[in-house]
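# Structure at a glance
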Amino acid sequence: LHPGLKWFGEAKFGLFIHWGLYSKLGGRWKDSSYYGSGEWIMNRAKAPAAEYAKVAQSFNPTGFNAEEWAETARQSGIKYMVITAKHHEGFSMYDSKVTDFDIVDASPYKKDPMKALSDACRAKGIQFGFYYSQFLDWHEPDGGGNNWDFKNKEKDYQQYYRTKSIPQLKELLTNYGPLGLVWFDMPGGLTAAQTKQMIDSLRLLQPGCLFSSRVGHDLGDYRDFGDSEVPPVPIPGAWESIYTHNDSWGYIRHDLNFKSPEQIIRLLGNVASKGGNLMLNVGPDGNGQWPAYSIAYLKATGKWLQTYGES
Ligand code: JFZ
């Protein structure tokens, strides 16, 4: 049995955080407004990579406070936190030596929020993990997905894995202490054998770290259901359902459709009764702050869990 399955099997409640340049855009690009999947705005607007990259020049989340994020999570009854180190837009939200397209080198913020957050979570007994988009990368000519700037048939996915994805995953597994898990997303461009080789090389760095199922080819350590899906019957083994607090993973300023504490508690109960974990997503804004409703409703959920929950 994988050693990480012990904490994962007892966790019940996780927090997903989508945070990147799209958070600064908040669902608006030029004169158009988008609803849902705010983190897909570059793709939906077919924004040229060079132009989209300029958003970094004014990305300065001075309102970010790692202590506060971790404390809100703790008070909400959350046992693990998973945050986007790099989403499909290709921007690294940590200090990466692999590229200059990262928060330390390309933004005026110049600090590594992931360092602060990983430390703050661990200090409060919260397992910390990274979401990493290992295949889709709209910033890179050889990354998956961007065919509005770069033609798919000319892409060398192997080159992309070799020069960005794998070296970055190694950074994340080396520089941020013991990780609870790495949440891969949307596999592509690798055979089963190549995926296994990649995973094996990553496991050497942190044998205790779990890898999510979307690493591909059934090589993950636990099962993820499709977005916003709870199985109808109890499911054996380790698994997770993911939901977002409103209607988008990444921040959308005109989305106020937040689930109430009652709805979150029902969801938690439904998932837990079938043996899984609920990982609920919040989308902080470009200043590094969570929507006020997310803070309030999550804390109310935590109060309820403290009064009526088992742990
Ligand atoms: C992916 C991302 O594209 C999305 O932006 C977000 O990060 C989400 C959590 O994950 O979207 C998916 C991936 C897989 C499924 C659905 C949405 N699926 O298997 O049902």
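Structure report, in brief.

## Structural notes on the overall build of the protein
Counting its secondary structure elements, the protein contains 11 helices and 10 strands. Relative to the 2.2 N^0.38 estimate, which gives 19 Å for 311 residues, the radius of gyration of the protein is 18 Å and therefore close to what a compact globule would have. With the C-alpha coordinates of the protein rotated into their principal frame, the extents come out at 55 × 45 × 35 Å. When each of the 311 residues of the protein is scored for burial, the buried share is 55%. Approximately 13000 Å² of the protein is accessible, and the part contributed by carbon and sulfur atoms is 52%. Computed over 33 positive and 34 negative side-chain charges, the inter-centroid distance for the protein is 2 Å.

## What to know about the side chain of Ser248
Take Ser248: it is sitting in the loop between β9 (239-244) and α10 (261-273). On the accessibility criterion, Ser248 (1% relative accessible area) is buried. Reaching out from Ser248, the side chain makes a polar contact with the backbone nitrogen of Ser37 at a distance of 3.4 Å. In this structure the side chain of Ser248 is engaged in a polar contact, spanning 2.5 Å, whose partner is the backbone oxygen of Gly250. Ignoring any residue separated from it by four or fewer positions in sequence, one finds Ser248 in contact with Gly36, Ser37, Gly38, Glu39, Asp255 and Asn281.

## Some thoughts on the packing of aromatic side chains
Evaluated as defined, the whole model comprises 28 aromatic pairs. Judged by centre distance (5.0 Å) and plane angle (50°), the ring pair of Phe16 and Trp183 falls under tilted. On the criterion of sequence distance, the pair formed by Phe16 in strand β1 (residues 13-17) and Trp183 in strand β6 (residues 181-184) is long-range, its members being 167 residues apart. An identical accessibility class is assigned to Phe16 and Trp183; each is buried. Here a set of aromatic residues connected by ring pairs shows up, and it is made of Trp19, Phe59, Phe64, Trp69, Phe91, Phe101 and Trp290. Across from the ring centre of Tyr132, 4.9 Å away, lies the NZ or CZ of Lys86, which sits over that ring. The side chain of Lys111 reaches across the aromatic face of Tyr109, ending 4.6 Å from its centre.

## Quick look at the sheet that holds strand β8 (residues 223-224)
With parallel pairing, eight strands are arranged side by side in an open sheet as β7-β6-β5-β4-β1-β10-β9-β8. In this open sheet, the two edge strands, each paired with only one partner strand, are β7 (210-211) and β8. Examined bridge by bridge, strand β5 (residues 127-132) and β6 share four bridges and lie parallel to one another. Looking at the pairing, Gly129 lines up with Leu181 of β6.

## Points about empty space enclosed by the protein
All told, the structure shown has one cavity of 30 Å³ or more when counted by the stated rule. Lining of the largest cavity is provided by 14 residues; of these, Asn246, Ser248, Tyr251, Gly283 and Pro291 occupy positions nearest its centre. By residue class, the composition of the lining of the largest cavity is six nonpolar, eight polar and no charged.

## Description of helix α9 (residues 192-205)
Helical geometry: 3.6 residues make up each α-helical turn, so side chains three or four residues apart lie on a common side. In a regular helix each residue adds 1.5 Å, so 14 residues correspond to 20 Å; α9 covers 21 Å between its end C-alpha atoms and thus fits that length. Of all the positions in α9, only Thr195, Met198, Ile199 and Leu202 are classed as buried. Around the axis of α9, the buried residues are gathered within 95° of arc, so they sit on the same side. With respect to the buried face of α9, the exposed residues turned more than 90 degrees away are Ala193, Gln197 and Leu204. On its buried face, α9 sits against α8 (157-175), β6 and β7.

## Considering the pairing of strand β4 (residues 80-86)
Among the seven residues of β4, seven are classified as buried, and the element is accordingly described as predominantly covered. Pairing between β1 and β4: four bridges, direction parallel. Note that in β4 the partner of Phe16 across the bridge is Val82. For β4 and β5, the ladder comprises six bridges, and the chain directions are parallel.

## Quick look at the environment of Lys299
Here Lys299 lies in helix α11 (residues 292-308). It is 6.0 Å that separates the C-alpha atoms of Lys299 and Gln75, two residues lying 224 residues apart in sequence. The residues touching Lys299, leaving out its near neighbours within four places in the chain, are Thr72, Gln75 and Ser76.

Parameters at a glance
Residues numbered from 1 in each chain as written. Predicted model: local features only at pLDDT ≥ 70, side-chain atom pairs only at ≥ 80, totals over all residues. Heavy atoms only, no water. Helix = DSSP H or I, 4+ residues; strand = E, 2+ residues; numbered from the N terminus. Rg over C-alpha atoms; globule rule 2.2 N^0.38 Å. Buried < 20%, exposed > 50% of the residue type's maximum accessible area, 1.4 Å probe, protein only. Areas by Shrake-Rupley, 256 points an atom, 1.4 Å probe, with all protein chains shown as cover. Lys, Arg positive; Asp, Glu negative; His and termini not counted. Charge placed at Lys NZ, Arg CZ, Asp CG, Glu CD. Polar contact = N/O pair within 3.5 Å; in protein donor to acceptor, adjacent residues only side chain to side chain. Contact = heavy atoms within 4.5 Å. Phe/Tyr/Trp six-rings, centres within 6.5 Å; stacked < 30°, edge-to-face > 60°. Lys NZ or Arg CZ within 6 Å of the ring centre and 35° of its normal. Pairing = 2+ DSSP bridges. 1 Å grid on protein atoms, 1.4 Å probe; cavity = no way out; pocket = protein on both sides within 12 Å on 5 of 7 lines; lining within 4 Å. Points joined across faces, edges and corners; volume = space filled by probe spheres on them. Nonpolar A, V, L, I, M, F, W, Y, C, P; charged D, E, K, R; others polar. Expected span 1.5 Å × (residues − 1). Arc of directions from axis to C-beta.

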